Each structure stands twice: as C-alpha cells, then as structure tokens.
Amino acid sequence: MTKSLRARRAAPLLTALLSTAALLSGCQQSATNDAAPNAAAGKEARRDASEYLSQPLVKDIYTADPSAHVWDGKIYVYPSHDIDGPTPEDDLGAHFEMRDYRILSMDKIGGPVTVGPVALDVKDVPWADKQMWAPDAAKKGDTYYLYFPAKDKEGAFRIGVATSKSPTGPFKAQPQPIKGSFSIDPAVFTDTDGQSYMYFGGIWGGQLQRNLGGKYDANGSKTDLGQDDKPAIAPRVAKMSGDMLEFAETPREIQIVDDKGKPLLGGDHDRRFFEASWMHKYKGKYYFSYSTGDTHYLVYGIGDSPYGPFTYKGRILEPVEGWTTHHSIVEWGGKWWLFYADSQLSGQTRLRNVKVTELKYNPDGTIQTINPFVKKGAAD
Ligand code: FUB
C-alpha cells in the first residue's frame, strides 16, 4: 500500500448498510451502559459484525489506542476517548479532538466491561490546550500514574503525567509537562528489576520530525525527513525517575534494524516506525512493537535490552478498518492478549472502538500474525 492520506482511509465500501441495531447486537461483551453512540448511525457502509475477529469491548463511548495493564488480578484499559468533533479530517490528525480520558476495567477477558467516569479532563491540565491523544499508565507502590500527550498553547505536543490512588482516577495532573518531553504516544514499561522506561514518539501529526533539534520547530516537515534512503526517524526511550514524574535521562533514539543489523530506512513504509510504541517482555527478550501508520500494520522487533536495538521480526496485526492502528500486549490468565482498535461501530476513523484478541507465539519466540477479519481478504 502506498503513502495514503490519513483522511482517505475510512471504512471500505460494502454494498449493504447495516442497521445500527443489527451492528450493536453483534457485541459480545457488555458495558455498564448500552446506549448506542449517536454518531454510529449510518455514516458509512459497513461489514457484518460476524466478519470481524473480535467485537468492541464497549459501545456506549468511542475508544481507541488501548493500553492494557493487569493490577491486582484485574484488567484496566487506558484508551483515548474519541469524540465527534467539528474539525475536518487531515493528514496531521486534527480530527482527533479528544478532551478527556475514561478508564475501562474488567475482572476477566470476555466478562463485563465497566466504563469509568472522567478520569482526567483537558480543562484540569494547566499546560494543555487540546487533543488528549493515546495515553498509558503505570503503578508504583500505591500510586497510579496516567501519562498522556496533549498539545500545549503553542500547538506543540508534550507529554504530561497525572496521579491517583485509584487505577480509574480521578487523576490530578502535574502543573507542567514532563521536562524534555515532546511528541506523542507514551508507553511506560516497568522491567523485572523495577526500573521504568517511557517509549514515545510519532511522525506526521505526532510531530517527532519537528523535534529533531531538541526544540519544537513549528515550521518543520509535516511528515518525515523526506529522505527515503536514510535511516527512518527513530522512536525515543527514556528511563523514568524514581518518583515516576520525570525523565531520569535525556531521551535516546531507538534503533530498529533489519536481519543484517542495518537501520530500517525512511522509505520502508511497510516496516519503519510511525507511532504507537509498546514494550513487553517475553521469555527474557524485549519486544518493541509499533504502528507503521500510513501502511496500517502493527509490527515488532526483538532485542536484548530495553534500549534496543530491536531486530525487526514481522507483523502482529494486519490492517484494521479505519486509518489508525494502535495496541498493547499484556499477559493475563496464562495467555497473552493483543488489545487494539478499529472503526467497526462508526465506520469513521475518528470514532474508534477497542477490542481484544489472543496473541500467540511460535516456538522460536516470533509472534503469529493476526488477521482482524474472519474472512480472508476482507481488508482493503
Ligand atoms: O488517537 C490519536 C492518535 O492516533 C494516537 O495518538 C495515535 O497512536 C493514533 O492512534
């Protein structure tokens, strides 16, 4: 698939327009409130619910970018909370106008999902102006930390942190963004030795390409380096301070290399980093996974250190319905799970719904690629 506009890849065309009632009846897992989202009604032709590998976890609000964690045996999902705003779609994601976060929780995968109340609102974050994009969370001692990107008053994405004594909030934001933070999509991984690291970054609307000189350049490239034969822009990682509120070091670039040890190139859109970092550890190895953005894959590399380098290994998830693809991977109940999102309920990229499906490894530690559709070749 070639470089496509963020705005262009909405739901694929189907001949039949399903009724909202029929669509919603396909949801396997219940939420606390079964009211159908208004904007889900008939905007696009859609697939039959039976064609999707899994069904939306909740249907009373729109959610995306699910960061899942297991704390005290319970599963918590920290998603973006999509809303139907007025801004037209563009390549930089201006249509993702999210203003708050609501946390999902469940006792078991496949069981009822509770949608929590507003956990953090942009109006309660002193430095933030708009676009509360993909968050993540961490726990240390008896405190929960919500990490979130938002645009500041100058239009630059920064990453903030808010704390709570409850995993579902409400969270209280620090007055300033994390010093030295920029771009989007924080993912905080705590290693087996207790040290936490934040992975982050995203090109195009995520502004990573506008932060190359250590300072936000509002006039920088809209997309990437524009140098297809040079190493692609790297995601970033930084060790977190003991109090989890700051970086303990200047963020480092993460190398993603091919099987010959060469960095993936900017023109390699099927494999290079775009956004949606996630880190998990399996059998002592570090798995760095991410979205390829304009080619719509979730892919991963494996390394021996939380800093990388990570050797590209393949795809985790083929393209979902909708432009974006963003995920998390977590172990629960002796199995591994992929949380992801698509646009099944609305047919619109800006209004997504989170899902979960089992993730399986091969004996050599590679991940089995998942097709988000039951019928082969259903994705366009
Ligand atoms: O949800 C807004 C943005 O779209 C996220 O931050 C990206 O990862 C993509 O999903």
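Only a predicted model underlies this, so the values are computations on that prediction, with no experimental measurement involved.

K.L.:
Sorry if this is basic, but what is going on with the site of the ligand here?
P.N.:
In the vicinity of the ligand, the contacting residues are Asp65, Ser80, Phe96, Met98, Trp133, Ala134, Ile184, Asp185, Glu275, Thr324, His326 and Arg352. Residue Asp65 places a side-chain N or O atom 2.5 Å away from an oxygen atom belonging to the ligand. Protein contact buries 100% of the 270 Å² of open area that the ligand shows by itself. Of the residues contributing to the shell around the ligand, the split by class is 5 nonpolar, 3 polar and 4 charged.

K.L.:
Whenever I open this one, the packing of aromatic side chains confuses me. Can you help?
P.N.:
For any two aromatic rings, the description comes down to two numbers: the centre-to-centre distance and the angle of the planes. Applying the stated criterion to the full structure yields 27 aromatic pairs. Consider the rings of Trp204 and Trp323, whose centres lie 6.0 Å apart with planes at 45 degrees: the pair is tilted. Note that Trp204 is positioned in the loop between β11 (196-200) and β12 (236-239) and Trp323 in the loop between β18 (310-317) and β19 (328-332), a separation of 119 residues in sequence. Comparing Trp204 with Trp323, the two get one shared label, buried.

K.L.:
Help me out: how do you make sense of the environment of Gly155 in this one?
P.N.:
By the element assignment, Gly155 lies in the loop between β7 (143-152) and β8 (157-164). Measuring from C-alpha to C-alpha, the distance between Gly155 and Lys130 comes to 8.6 Å, with 25 residues separating the pair along the chain. Non-local contacts of Gly155, meaning those with residues more than four positions away in its chain, are made with Gln207 and Tyr216.

K.L.:
What am I meant to see in the environment of Pro88 here?
P.N.:
Relative to the assigned elements, Pro88 resides in the loop between β2 (74-82) and β3 (100-106). When sequence neighbours within four positions are dropped, the list of residues in contact with Pro88 reads His95 and Arg350.

K.L.:
Any chance you could explain unusual backbone geometry here in plain terms?
P.N.:
Peptide bonds are trans in most cases, and residues, glycine excluded, mostly fall at negative phi. In this model, Gly169 is joined to Pro170 through a cis peptide bond whose omega is 5 degrees. As for its placement among the helices and strands, Pro170 is situated in the loop between β8 and β9 (172-173). Cis geometry marks the peptide bond from Gly308 to Pro309, where omega comes out at 0 degrees. In this structure, Pro309 sits in the loop between β17 (298-303) and β18. The phi angle at Ser183 is positive, at roughly 65 degrees, despite the residue not being glycine.

K.L.:
Looking at this model, I keep getting lost on the nonpolar core. Mind explaining?
P.N.:
One broad trend across soluble globular proteins is that nonpolar side chains are buried collectively. Membership of the largest hydrophobic core comes to 56 residues, with the highest contact counts inside it found for Tyr147, Met198, Tyr199, Phe288, Leu338 and Leu359. Judged by nonpolar contacts, the second largest core, of 25 residues, contains Ile103, Ala162, Phe171 and Ala173.

K.L.:
Quick question: what am I supposed to make of the side chain of Gln55 here?
P.N.:
Here Gln55 is to be found in the loop between α1 (20-24) and β1 (62-71). Under the relative-accessibility criterion, Gln55 is labelled buried at 7%. At 2.7 Å, the side chain of Gln55 and the side chain of Gln344 are in polar contact.

K.L.:
Before we go on, may I ask you to explain the sheet that holds β1 in this structure?
P.N.:
Strand pairs in the sheet, formed through backbone hydrogen bonds, run parallel or antiparallel to each other. On the basis of which strands lie adjacent, the open sheet formed by 4 strands has the order β1-β2-β3-β4 and antiparallel pairing. Each edge of the open sheet carries a strand with a single partner, namely β1 and β4 (114-121). Recorded for the sheet is a direction-independent mean angle of 25 degrees between the axes of neighbouring strands. Across 3 bridges, the pairing between β2 and β3 is antiparallel. When the bridges of β3 are listed, Val77 appears paired with Leu104.

K.L.:
Looking at this model, I keep getting lost on the sheet that holds β17. Mind explaining?
P.N.:
In space, the 5 strands of this open sheet follow the order β14-β18-β17-β16-β15, with mixed pairing throughout. Each end of this open sheet is capped by a strand with a single partner; those strands are β14 (256-257) and β15 (275-282). In this structure, β17 lies alongside β18, joined through 5 bridges in antiparallel fashion. Among the inter-strand pairings, Gly301 is bridged to a residue of β18, identified as Tyr312.

K.L.:
Just to check I follow, could you spell out the side chain of Ser67 for this structure?
P.N.:
Residue position: Ser67 is located in strand β1. Among the polar contacts made by the side chain of Ser67, one reaches the main-chain carbonyl oxygen of Pro135 at a distance of 2.8 Å. Excluding anything up to four places from it in sequence, Ser67 contacts Tyr76, Val77, Tyr78, Pro135, Asp136, Trp278 and Ser328.

K.L.:
What's the story with the pairing of β7 in this structure? I'm lost.
P.N.:
The two faces of the sheet receive side chains in turn, since in a regular strand these alternate between them. Counting buried residues in β7 gives 10 out of 10 residues, a clear majority hidden from the surface. Sheet analysis places strand β5 (residues 128-130) next to β7, joined by 2 bridges and oriented antiparallel. Considered in β7, the bridge of Lys130 is made with Lys151. Pairing analysis gives 5 bridges linking strand β6 (residues 136-140) to β7, with the strands arranged antiparallel. Looking across to β7, one finds that Ala138 is bridged to Tyr145. If you look at the hairpin formed by β6 and β7, you'll find 2 residues sitting between the two strands, and Gly141 has a positive phi there, around 60 degrees. Bridge count between β7 and β8: 8 bridges; the pairing is antiparallel.

Rules of the game
- Residues numbered from 1 in each chain as written.
- Predicted model: local features only at pLDDT ≥ 70, side-chain atom pairs only at ≥ 80, totals over all residues.
- Heavy atoms only, no water.
- Near = heavy atom within 4 Å.
- Polar contact = N/O pair within 3.5 Å; in protein donor to acceptor, adjacent residues only side chain to side chain.
- Areas by Shrake-Rupley, 256 points an atom, 1.4 Å probe, with all protein chains shown as cover.
- Nonpolar A, V, L, I, M, F, W, Y, C, P; charged D, E, K, R; others polar.
- Phe/Tyr/Trp six-rings, centres within 6.5 Å; stacked < 30°, edge-to-face > 60°.
- Helix = DSSP H or I, 4+ residues; strand = E, 2+ residues; numbered from the N terminus.
- Buried < 20%, exposed > 50% of the residue type's maximum accessible area, 1.4 Å probe, protein only.
- Contact = heavy atoms within 4.5 Å.
- Core = buried A, V, L, I, M, F, W, Y, C linked by side-chain atoms within 4.5 Å.
- Pairing = 2+ DSSP bridges.
- Axes fitted to C-alpha atoms, helices over the stretch in contact; angles between N-to-C directions.

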